[in-house]
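Letter by letter, the chains look like this.
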Amino acid sequence: MNIEGSPHAIRAEGHPAFGGKESAPSPLDYALGSLASCNQVTTFIVARDLGISIGSFSIDLRAELDNSVLVFGAEGNPNFSSVTLDVVVETDASDAAFSKLASEVERRCPLTQLYARSGVKVTNNWHNCRLAKVVG
């Protein structure tokens, strides 16, 4: 699928368990990747607003999904039931400022809110690592 007005294209395929051949990410991979990357971009926006410097950044994302609706046509909700993001960020922020950063990212991230408002239980675990100082 080409994105109109952009040089980018999106290719998607189902996982091998659903008949895919591993030639492209699945739509579910894209959905979860979008959630993680939107949190990262939002973190940089909010950190700028709060005057916080950011160093390394990582997200470990886990999701719960009952595939029986998609795969077997069972009754129920085909949506994720929960997603958990473990976010590790290097910052120069105090504990109070880091807490504000985390809560503002959760409030302002469009995809976090999309998931939460669709009924998905979203858990964010934020960890502040001190920003490495440049020596010399």
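Residues numbered from 1 in each chain as written. Predicted model: local features only at pLDDT ≥ 70, side-chain atom pairs only at ≥ 80, totals over all residues. Heavy atoms only, no water.

Draft legend 1. Examining the sheet that holds strand E1 (residues 54–65) more closely. The strand order across the open sheet formed by 3 strands is E1-E2-E3, and the pairing between neighbours is mixed. This sheet does not close on itself; its edge strands, each paired only once, are E1 and strand E3 (121–130). Averaged over all pairs of adjacent strands, the angle between their axes in this sheet comes to 10°, without regard to strand direction. Two elements, E1 and strand E2 (residues 80–91), share 10 bridges in a ladder whose sense is antiparallel. Within the sheet, the bridge partner assigned to arginine 62 lies in E2 and is threonine 84. Strand contacts of helix H1 (residues 27–50): E1, E2 and E3, with the helix running at about 145° to E1, the strand carrying the most contacts. Along the sheet face, helix H3 (residues 95–108) touches E1, E2 and E3 and points at about 150° away from the line of E3. (Pairing = 2+ DSSP bridges. Helix = DSSP H or I, 4+ residues; strand = E, 2+ residues; numbered from the N terminus. Axes fitted to C-alpha atoms, helices over the stretch in contact; angles between N-to-C directions. Contact = heavy atoms within 4.5 Å.)

Draft legend 2. Representation of unusual backbone geometry. Positive phi values are uncommon outside glycine, yet glutamate 22 reaches one of about 65°. When you line up the elements, glutamate 22 lands in the segment before H1.

Draft legend 3. Quick look at the packing of H1 against H3. In the contact formed by H1 and H3, the axes pass within 9 Å of each other and the chain directions differ by 125°. Between H1 and H3, the interaxial angle falls into the category oblique. Judged by the sense of rotation from one axis to the other, the crossing of H1 with H3 is right-handed. Between H1 and H3, the contacting residues are Asn39, Thr42, Thr43, Ile45, Val46, Ala47, Asp49 and Leu50 on the first element and Lys100, Leu101, Glu104, Val105 and Arg108 on the second. Class assignment for the residues of the contact of H1 with H3 results in 6 nonpolar, 3 polar and 4 charged. (Parallel < 35°, antiparallel > 145°, perpendicular 65-115°, else oblique. Left-handed = near helix turned anticlockwise from the far one by under 90°. Nonpolar A, V, L, I, M, F, W, Y, C, P; charged D, E, K, R; others polar.)

Draft legend 4. Spatial organisation of the environment of aspartate 86. Within the element layout of this structure, aspartate 86 appears in strand E2. In this structure, the C-alpha to C-alpha distance between aspartate 86 and threonine 123, residues 37 residues apart in sequence, is 8.4 Å. Here aspartate 86 is in contact with Ser58, Ile59, Asp60, Arg62, Asn125 and His127, once residues within four sequence places are set aside. At a separation of 2.7 Å, a polar atom in the side chain of aspartate 86 contacts the side chain of arginine 62. Separated by 2.8 Å, the side chains of aspartate 86 and asparagine 125 make a polar contact. (Polar contact = N/O pair within 3.5 Å; in protein donor to acceptor, adjacent residues only side chain to side chain.)

Draft legend 5. Here's a closer look at the nonpolar core. Val83, Val89, Leu101, Tyr115 and Trp126 are the most contacted members of the largest nonpolar core, which totals 21 residues. Elements with a contribution of two residues or more to this core: H1, E1, E2, H3 and E3. In this structure, leucine 101 is in contact with Thr43, Val46, Ala47, Leu50, Ile52, Ile54 and Thr91, ignoring residues within four places of it in sequence. (Core = buried A, V, L, I, M, F, W, Y, C linked by side-chain atoms within 4.5 Å. Buried < 20%, exposed > 50% of the residue type's maximum accessible area, 1.4 Å probe, protein only.)

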